[in-house]
Amino acid sequence: MSNNNNTKVRVRFAPSPTGYLHIGGLRTALYNYLFAKKNKGTFILRIEDTDRARYVAEAENYIVNSLKWAAILPDEGPAFGGDYGPYRQSERKEIYLKHVENLIENKKAYYAFDSAEELEQMRENAKAAGNAHQQYNASIRMKMNNSLSLSEAETKAWLSSGKPYTVRFKMPTEETIEFEDAVRGKVTFKSNELDDKILMKADGMPTYHLANIVDDHLMEISHVIRGEEWLSSTPLHIMLYKAFAWQAPTFVHLPLILKPNGKGKLSKRDGEQHGFPVFPLKWLNDETNAEQPGFKEIGFLPNAFNNMIAFLGWNPGNEQELFSIEELVESFSLERIQKAGARFDWEKAKWFNKEHLMKLTAKEMLQPVKTANAKLLNHYEDEAIIAAIEMVKDRMTFYSDLESQAGFLFAAPESYDEKNVKKRYKLENKVHFNNLIEIFEGLENWKSANIEASLKSYLEQNELGFGAVLPPLRIMLTGIMGGPSVFDIADFIGKNETINRINIGLQQFEKLKAS
Ligand code: GLU
């Protein structure tokens, strides 16, 4: 079939605005975008809104805002401009009508007047005769009420009587439909297995199939890159291209994104169950009426998000995992898209964010960290916040983690790691803490290195190991085990606050030990 090697690359993301855009949809958009940019082509957004029953008014905005957030920006589309518009299918009704009439004239499609009851009756009869899955196809079409079975005069009379009708595709028989999918290789179907699909509904709206291929043709789409769920529609699309005598684009069907356990498609429910988002932006759960965060609100960097979804079905063929968007464009190729479903892994998703976050400087992180931890950081100078970020940056996955990783730099601990207090604090060491308080009080230059030196020399003089003092000191200052250097923490919070926290710690630890 066709191979548009010599034509300009024009690709489209063609979502239906029926609800919140899932990350699978965004991955389709990203692959289209990467392929377009890699080939100096054009990336188009087309809104496929002909199914009025499933139409959700805010969905288009959600799609556009998601693309904007992830910086997967279309070159053409509603609100993006372009010479091939309108880019909303509901605004192209006349175009589809013209094309459907052309098919009818050329005997590739026909008017069908069958009512819902008649269709039901046809299926019931077939069932009674032992055929449980009778389709509306070549074997049955001459027995139904359509412009093939009726005379021309009858058809005209029915049309002018105002009787509702659909337009169906006259699927040719005995044809082998073959096409080369860029991911799956050669795909073969028998036309006899396909039915006479409705191309235009009784409301005058085209179905997805008709609108999709008419637009792909008129918008000069070179490659159709879309989810695997559309693979089974492709033979019909190929037959439609043939009926119009148009060249079909190259098809590229992307693997499914699977649940973390690999069993079935990733769904909204999986996210709810395991506590991770499946939508890029916040969304309203209409069952609980609660607003839920998306990847953006949880704190994903657009770059990390793109990097993560790029790897759900594609890999560069080497060890590199961290990519900027420019590097993704550079490395992307259809050949390296996998056939097998791609398992969503929340831990890996977070890893991507952590790695991308770590590449930023503390200064670059300042504003978003302030926004994400507004309550904690309200009264602090930028300089102090930058110093804090510097200290715990390597431990953060999201901007909001500053609070869990370094909240103790800004507020005294409200509780202590009880288990570790009991294990690591010995009452007989209280005297050493009191001595240290005295030493600290006398320390002139309250700097991390000096604090460390004074503490070490005290330990040496008293033939004490680090274990006697350092772990409890850390818990006194921070509430927890683990974190940046205790001396850096003491330096940051200042001499008075350090001594204060040791005093409070001594009292509280005693109570905890007794409990
Ligand atoms: N409107 C279809 C969807 O919602 C587009 C499928 C295609 O790309 O052909 O996914």
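Scroll up to find the structure.
Residues numbered from 1 in each chain as written. Predicted model: local features only at pLDDT ≥ 70, side-chain atom pairs only at ≥ 80, totals over all residues. Heavy atoms only, no water.

In terms of helices and strands, the chain carries 22 helices and 13 strands. Since a compact globule built from 515 residues should have a radius of gyration of about 24 Å, the 33 Å found for the chain marks it as more spread out than a globular shape. In terms of its C-alpha atoms, the chain occupies a principal-axis envelope of roughly 110 × 50 × 40 Å. For the chain, with 515 residues in total, the buried portion stands at 49%. Taking all contacts inside the chain whose residues are at least 6 apart in sequence as the whole, residues at least 24 apart take part in 72%. (Helix = DSSP H or I, 4+ residues; strand = E, 2+ residues; numbered from the N terminus. Rg over C-alpha atoms; globule rule 2.2 N^0.38 Å. Buried < 20%, exposed > 50% of the residue type's maximum accessible area, 1.4 Å probe, protein only. Contact = heavy atoms within 4.5 Å.)

The next point concerns the sheet that holds strand β7 (residues 198-200). What holds strands together in a sheet is hydrogen bonding between their backbones, with the strands either parallel or antiparallel. With respect to topology, three strands assemble into an open sheet ordered β3-β4-β7, the strand pairing being antiparallel. The sheet is open, and its two edges are formed by β3 (109-112) and β7, each paired on a single side. Across the sheet, the mean angle separating the axes of adjacent strands is 40° when strand polarity is ignored. Inspection of the sheet shows strand β4 (residues 166-169) paired to β7 by two bridges, in the antiparallel sense. By the bridge assignment for β7, arginine 168 is matched with isoleucine 198. (Pairing = 2+ DSSP bridges. Axes fitted to C-alpha atoms, helices over the stretch in contact; angles between N-to-C directions.)

With that settled, consider the site of the ligand. Contacts to the ligand come from Arg12, Ala14, Pro15, Ser16, Glu48, Tyr208, Asn212, Arg226 and Trp230. Measuring from a nitrogen atom of the ligand, one finds a backbone N or O atom of alanine 14 at 2.8 Å. With respect to the ligand, the side chain of arginine 226 contributes an N or O atom lying 2.9 Å from an oxygen atom. For the ligand, whose free accessible area comes to 290 Å², the fraction covered by protein is 86%. Taken together, the residues that form the shell around the ligand break down as four nonpolar, two polar and three charged. (Near = heavy atom within 4 Å. Polar contact = N/O pair within 3.5 Å; in protein donor to acceptor, adjacent residues only side chain to side chain. Areas by Shrake-Rupley, 256 points an atom, 1.4 Å probe, with all protein chains shown as cover. Nonpolar A, V, L, I, M, F, W, Y, C, P; charged D, E, K, R; others polar.)

With that out of the way, let us pick up the packing of helix α19 (residues 448-461) against helix α20 (residues 466-478). Packing of α19 against α20 brings their axes to within 10 Å, and their N-to-C directions diverge by 145°. Every residue of α20 that contacts α19 at Leu455, Lys456 and Leu459 is listed here: Phe466, Val469, Leu470 and Leu473. Of the residues belonging to the contact of α19 with α20, the class tally is six nonpolar, no polar and one charged.

This model, assessed by the stated rule, comprises 35 aromatic pairs. Measuring from centroid to centroid gives 5.9 Å for phenylalanine 179 and phenylalanine 251, while their planes differ by 65°, and the two rings are edge-to-face. Highlighted residues: phenylalanine 179 in strand β5 (residues 176-181) and phenylalanine 251 in strand β9 (residues 250-254), separated in sequence by 72 residues. The pair phenylalanine 179 / phenylalanine 251 is uniform in exposure class, with both members buried. The interplanar angle of 70° and the centroid separation of 4.9 Å between the aromatic rings of phenylalanine 295 and phenylalanine 300 together place this pair among those described as edge-to-face. You'll find phenylalanine 295 and phenylalanine 300 in the same group, each marked buried. In this structure an aromatic cluster arises from ring pairing among Trp69, Phe276, Phe295, Phe300, Phe305, Phe344, Trp346 and Phe398. (Phe/Tyr/Trp six-rings, centres within 6.5 Å; stacked < 30°, edge-to-face > 60°.)

On the surface, Lys419, Lys423, Arg424 and Lys426 cluster together to form a positively charged patch. Considering the arrangement of structural elements, one finds lysine 426 in the loop between α17 (418-424) and α18 (430-442). (Patch = residues over 30% accessible without salt bridge, like charges linked within 9 Å, V, L, I, M, F, W, Y side chains within 5 Å. Salt bridge = Lys/Arg side-chain N within 4 Å of Asp/Glu carboxyl O. Lys, Arg positive; Asp, Glu negative; His and termini not counted. Charge placed at Lys NZ, Arg CZ, Asp CG, Glu CD.)

Turning our eyes to something else, we now look at helix α3 (residues 93-105). Its 13 residues give α3 an end-to-end C-alpha distance of 18 Å, which sits within 8% of 18 Å, the value for a rise of 1.5 Å per residue. For α3, the full list of buried residues reads Tyr96, His99, Val100, Leu103 and Ile104. What you see down the axis of α3 is that its buried residues fit within an arc of 145°, all on one side. Those residues of α3 that are exposed and angled more than 90 degrees off the buried face are Glu94, Lys98 and Glu105. Tucked inside the fold, the buried residues of α3 contact β3, β4, β7, α6 (208-218) and α7 (234-244). One or two positions beyond α3, positive phi appears at lysine 107, with a value near 65°. (Expected span 1.5 Å × (residues − 1). Arc of directions from axis to C-beta.)

Counting buried positions along helix α2 (residues 59-69) yields eight of eleven residues, so the element is predominantly enclosed. Of all the positions in α2, only Ala59, Glu60, Tyr62, Ile63, Val64, Ser66, Leu67 and Trp69 are classed as buried. Looking at the buried residues of α2, the elements they touch are β1 (10-13), α1 (23-38), β2 (42-45), β11 (283-285), α9 (295-298) and α10 (302-310). Positive phi shows up at alanine 71, right after α2, with a value of about 55°.

Let us look at the environment of aspartate 286. Within the secondary structure layout, aspartate 286 lies in the loop between β11 and β12 (290-292). Overall, the relative accessible area of 62% leaves aspartate 286 in the exposed class. The spacing of aspartate 286 and alanine 129 is 157 residues in sequence and 45 Å in space, taken between C-alpha atoms.

Orientation of α10 relative to helix α12 (residues 346-358), taken along the N-to-C sense of each, is 140°, at an axis distance of 9 Å. Relative to α12, the element α10 is oriented oblique. Relative to α12, α10 is oriented so that their crossing is right-handed. Across from Asn303, Ala304, Asn307 and Met308 in α10, the residues of α12 making contact are Ala349, Phe352, Asn353 and His356. Tallied by class, the residues present in the contact of α10 with α12 amount to four nonpolar, four polar and no charged. (Parallel < 35°, antiparallel > 145°, perpendicular 65-115°, else oblique. Left-handed = near helix turned anticlockwise from the far one by under 90°.)

A separate point is the nonpolar core. In this structure, Ile72, Phe295, Phe305, Met308, Trp314, Ile337 and Phe344 are the most contacted members of the largest nonpolar core, which totals 57 residues. Counting residues per element, the ones that place at least two in this core are β1, α1, β2, α2, β9, α10, α11 (325-331) and α12. For this core, the element with the highest residue contribution is α1, accounting for nine residues. Apart from the residues within four sequence positions on either side, methionine 308 is in contact with Phe295, Phe344, Ala349 and Phe352. (Core = buried A, V, L, I, M, F, W, Y, C linked by side-chain atoms within 4.5 Å.)

Let us look at the pairing of β9. Successive side chains on a regular strand alternate, one facing one side of the sheet and the next facing the other. In terms of burial, β9 is a largely internal element, five of the five residues being buried. What you see with β9 is no split at all: Thr250, Val252 and Leu254 on one side and Phe251 and His253 on the other are buried throughout. Strand direction decides the pairing type here: strand β8 (residues 223-227) and β9, joined by five bridges, are parallel. Counterpart to histidine 223 in the pairing with β9 is threonine 250. Of the crossover connections in this fold, the one passing from β8 over α7 to the parallel β9 is right-handed. (Right-handed = clockwise from strand over helix to strand, strands pointing away.)

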